[in-house]
Amino acid sequence: MMSELINNRQVLEAEHERRREKLKSLILSLHDGEDFEEIKKEFEKEFGTISAREISLLEQEIIAEGMPAKEVQRLCDVHAAVFKGSIEEIHGISGPSGTPGHPIHTFIQENNALRSFLSVKFQFNVDQFKATPTKDRREKLLKNVEILATIDRHYSRKENLLFPFLEKHGVYGPAQVMWGVDDEIRDLLRDIIQDLKDEAVGPEVIVPKIEEAVHQIEEMFFKEETILFPTAEDLLTQDEWVQIMNESDEIGYTLIEQPPVWKPKKVIENAEALLESDETIIDGTIKFETGLLTPQEIEAMLNSMPVDMTFIDKDDVVKYFSNGKERIFTRTKAAIGRTVQNCHPPKSIDIVNKILDDFKSGEKDHEDFWIQSRGQFILIRYFAVRDEQGNYLGCLEFTQNITNIKNLSGEKRLLDEEESK
């Protein structure tokens, strides 16, 4: 009896391996430029249905074997076209997708609101502008595209809240592939907004960009709802979904009101306790070389500084970020314990690795960048953190809005009367 079970298991494992290798072979054939329709026919003949999670893990496996994430990203739309109509509908509406306040339900609500917006009001204004590009129609379309650009909130929650938990369960593929596509959509929408503000740019330039952006957005609906969300539903725990819900309001939502609070049957007490620990505190204080401070004093000091600070340890893992009143870049607690490379879009990873490699080798101790964003002049500084022996402990990212500092001149030695009241 036992030998029969063992043999059956071996057969199942062999079949699973064959199925996985065949799927990889089909995608690699697409990569090599073989005929799309022929591969689609072969896929439909070889497989009846395929689970969403298997697609996700397959892409991850191909990346792990050496194919650049950008290549998989380029093939992602092709994958979606092949897999459409053959992914198992394994989740009913009674699950998270049908539960108001659950993050999956919220993501899908946003997608549905976007679908409605794109198919009715947005398409009408695109058609009007294409037919007669008057100033009034250009302005209406510009407002529509600016509304559409709030899709950044949807993508930001996905990237900064959902992806980190998938990675904790060993699934890296969606982050590496989807984040790159999200950025392409963001870039397209920014370009369209700039074109619409420039009256010299006509519909012949703008409309094709809009059609491409809409196509990519609609393809992302499919990838999220048939691949990403079912995979996450299979893997994430109730506590993890609660953490995602609790941090979603800070980032915001796209085309929907703030969702209701989801109250799962299991009561979650202190879901953030995993991020806090008092084990290194002695008698309520921490001893430094130059004094004693309580954790409350340390946190208040760091959060009072008009800067964003993030500390990445020697293994490139995010350990801490400050939480001041005026945030410059989005940070969520889900980033804690995540490698810094996975907190950046694929196009930035080479720069991140170069900075960290220079710090670890001792070639550099700091690196500075500055950008202009939303009317602010932002200074971004990176510092190597070393112990007294010079051993590398990690990297401190220090970001500050220096717009007002740049405009300073002369001197100020006395307290202004208005400030002293």
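In the block above lies the structure referred to throughout.
Residues numbered from 1 in each chain as written. Predicted model: local features only at pLDDT ≥ 70, side-chain atom pairs only at ≥ 80, totals over all residues. Heavy atoms only, no water.

Visitor: Please clarify how unusual backbone geometry should be interpreted in this entry.
Guide: The bulk of non-glycine residues show a negative phi, and the bulk of peptide bonds are trans. Phi at L255 takes a positive value of approximately 60°, unusual for a residue other than glycine. On the secondary structure map, L255 appears in the loop between α10 (238–251) and β1 (286–288). With relative accessibility at 34%, the residue L255 sits in the partly exposed group. For D316, which is not glycine, the phi torsion reads 70° and is therefore positive. As for its placement among the helices and strands, D316 is situated in the loop between β3 (308–313) and β4 (318–321). Judged by its relative accessible area of 10%, D316 is buried. (Helix = DSSP H or I, 4+ residues; strand = E, 2+ residues; numbered from the N terminus. Buried < 20%, exposed > 50% of the residue type's maximum accessible area, 1.4 Å probe, protein only.)

Visitor: Could you clarify how one ought to interpret the pattern of salt bridges in this entry?
Guide: In a structure, side chains of opposite charge can pair up when their charged atoms sit close to one another. This model, assessed by the stated rule, comprises 19 salt bridges. For R186, the salt bridge is made with D183, and the minimal N-O distance between the two is 2.8 Å. Of the two residues, R186 and D183 both sit in helix α8 (residues 173–197), three residues apart, roughly one turn of that helix. Here the two residues R186 and D183 agree in accessibility, since each one is buried. The residue D187 makes a salt bridge to K347 at a minimum N-O spacing of 3.5 Å. Placement of the pair is D187 in helix α8 and K347 in the loop between β4 and α12 (349–361), with a sequence separation of 160 residues. Given a relative accessible area of 28%, D187 falls into the partly exposed group. (Salt bridge = Lys/Arg side-chain N within 4 Å of Asp/Glu carboxyl O.)

Visitor: Looking at this structure, I do not really get the nonpolar core. What am I missing?
Guide: In this structure, F122, L162, L166 and L236 are the most contacted members of the largest nonpolar core, which totals 52 residues. Among the elements of the structure, α5 (103–131), α6 (135–148), α7 (151–168), α8, α9 (203–235) and α10 are those that each provide at least two residues to this core. When residues of this core are assigned to their parent elements, the largest contribution, 12 residues, is made by α9. Not counting chain neighbours up to four residues away, the residues in contact with L162 comprise F107, R157, L228, F229, A232, L236, W241 and I244. The next biggest cluster of nonpolar side chains, apart from the first, holds 18 residues, and it includes I312, I336, C343 and I380. (Core = buried A, V, L, I, M, F, W, Y, C linked by side-chain atoms within 4.5 Å. Contact = heavy atoms within 4.5 Å.)

Visitor: What is the right way to read the packing of aromatic side chains from this model?
Guide: Each aromatic ring pair is summarised here by two numbers: the centre-to-centre distance and the angle between the ring planes. Scanning the entire structure with this criterion turns up four aromatic pairs. Geometrically, the ring pair formed by F107 and F229 is stacked, given 5.2 Å between the ring centres and 20° between the ring planes. In this pair, F107 is assigned in helix α5 and F229 in helix α9, connecting sequence segments 122 residues apart. The exposure class assigned to F229 is buried, which follows from its relative accessible area of 2%. (Phe/Tyr/Trp six-rings, centres within 6.5 Å; stacked < 30°, edge-to-face > 60°.)

Visitor: Just checking my understanding: could you explain α9 for this structure?
Guide: A turn of α-helix holds 3.6 residues, and therefore any two residues three or four places apart point the same way. Its 33 residues give α9 an end-to-end C-alpha distance of 45 Å, which sits within 8% of 48 Å, the value for a rise of 1.5 Å per residue. Approximately 40° is the largest bend angle found in α9, and it occurs at E224. (Expected span 1.5 Å × (residues − 1). Bend = angle between axes of the 7 residues up to and from the residue.)

Visitor: Sorry if this is basic, but what is going on with α6 here?
Guide: Compared with the 20 Å implied by 1.5 Å per residue over 14 residues, the 20 Å span of α6 between its first and last C-alpha is a close match. Every buried residue belonging to α6 is among R138, L141, L142, N144, V145 and L148, and all of these are buried. Each buried residue of α6 lies within a common arc of 165° when the element is viewed along its axis, so the set occupies one face. Summarising the geometry of α6, the exposed residues directed more than 90 degrees from the buried face are K135 and K143. Those residues of α6 that are buried are in contact with α5, α7, α8 and α9. (Arc of directions from axis to C-beta.)

Visitor: Can you walk me through the pairing of β3 in this structure?
Guide: For a regular strand, the rule is simple: side chains alternate between the two faces of the sheet. Most of β3 is tucked away, with five of its six residues classed as buried. Where β3 lies against strand β7 (residues 392–401), six bridges are found, and the strand directions are antiparallel. When the bridges of β7 are listed, D313 appears paired with G394. Linkage of β3 to β4, two consecutive antiparallel strands, is achieved through a turn of four residues, within which D316 is found at a positive phi near 70°. (Pairing = 2+ DSSP bridges.)

Visitor: Help me understand the side chain of T254 in this model?
Guide: Structurally, T254 can be placed in the loop between α10 and β1. What makes T254 buried here is its relative accessible area of 0%.

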